[in-house]
Amino acid sequence: MRLLLIEDDAETGNAVVAALRAHGHAVDWETNGQGGLDRAATDAYALLVVDRMLPGIDGLSLVAELRQRQIAAPVLMLTALGSIEQRVEGLEGGADDYLVKPFAIAELLARIEALQRRAAGPPSILSLGDLTLDRLARTVRRGDTPIELIPREFQLLELLMLNSPAVLTRLMLLETVWKFRFDPGRNLVESHISRLRTKIDRGGDPPLIHTMRGEGYAAWSE
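This one's a predicted model, so the numbers in the text were calculated from it and none came from an experiment. (Residues numbered from 1 in each chain as written. Predicted model: local features only at pLDDT ≥ 70, side-chain atom pairs only at ≥ 80, totals over all residues. Heavy atoms only, no water.)

All right, on to the packing of helix α7 (residues 170–177) against helix α8 (residues 188–200) then. Orientation of α7 relative to α8, taken along the N-to-C sense of each, is 85°, at an axis distance of 10 Å. As judged from the angle between their axes, α7 and α8 are roughly perpendicular. Side by side, α7 and α8 meet where R170, L173 and L174 of the first sit next to L188, V189 and E190 of the second. In the contact of α7 with α8, the residues fall into four nonpolar, no polar and two charged. (Axes fitted to C-alpha atoms, helices over the stretch in contact; angles between N-to-C directions. Helix = DSSP H or I, 4+ residues; strand = E, 2+ residues; numbered from the N terminus. Parallel < 35°, antiparallel > 145°, perpendicular 65-115°, else oblique. Contact = heavy atoms within 4.5 Å. Nonpolar A, V, L, I, M, F, W, Y, C, P; charged D, E, K, R; others polar.)

Rendered as structure tokens:
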């Protein structure tokens, strides 16, 4: 991939550039917000790695301006500001993922690869046994029977089917569907999974949504 790093700290920038190039990526590096904005707005990048605290234009303002200009390249935001409120602010401001400093290079690379896979996009039609989910039409059918789902239920089912048969932890579901980077202490996941299972695994149909006690939830067809 061709990537753009916008980072004013020399030590961090050198380490990130070296790691990305070692893994086969082409990397451009800007050290201030205005330079990063100008380059991101004029050149095509597969992904941007943006520090939040930048001289000139800060990272949040930079990303907001890019989204205003309809530049949709995925953004991984780096920051030393690690509170829940600050992470939520970054994600709601247009970033696609958030990595708190200090971080391990291995995690940075893994998050970049995950964003790359997400940007490439899975198929629009997902199937699991006789269950079909149309990601574009936002419809679900089991056999010939349409199933009405509220948006959160649809997101949960979509996520489980995309990752089938992998087990997704409660925290992973909270992060992806509700954008929580913490456990709110309520039964959000449990109650939505229960309602989803009632709609999907009804009657004599073989179950497709499974609870892995102490681990999380998964979807597979036996």
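The next thing to look at is the pairing of strand β1 (residues 2–6). Burial within β1 is extensive, with four of its five residues counted as buried. Here β1 runs beside strand β2 (residues 26–30); their pairing, made up of five bridges, is parallel. Directly across from L5, in β2, lies its bridge partner W29. Traced from β1 through helix α1 (residues 10–22) to β2, the parallel crossover comes out right-handed. When β1 meets strand β3 (residues 47–51), the two strands line up parallel, connected through four bridges. Residue pairing across strands places L5 opposite V49, the latter belonging to β3. (Buried < 20%, exposed > 50% of the residue type's maximum accessible area, 1.4 Å probe, protein only. Pairing = 2+ DSSP bridges. Right-handed = clockwise from strand over helix to strand, strands pointing away.)

Moving on, we come to the pattern of salt bridges. Any two side chains of opposite charge can pair, on the condition that their charged atoms come close. Per the counting criterion, the structure on display carries 16 salt bridges. Between R2 and D28 there is a salt bridge whose closest N-O contact spans 2.9 Å. In this pair, R2 sits in strand β1 while D28 sits in strand β2, placing the two residues 26 residues apart along the sequence. Here D97 and R111 are joined by a salt bridge, their closest N and O atoms 2.8 Å apart. Residue D97 is located in strand β5 (residues 97–100), and its partner R111 is located in helix α5 (residues 105–120); the two are separated by 14 residues in the primary sequence. With a relative accessible area of 7%, D97 lands in the buried category. The class for R111 is partly exposed, based on a relative accessible area of 21%. Each of the salt bridges in this network shares a partner with another, and the network as a whole consists of R2, D28, E30, R39 and D43. (Salt bridge = Lys/Arg side-chain N within 4 Å of Asp/Glu carboxyl O.)

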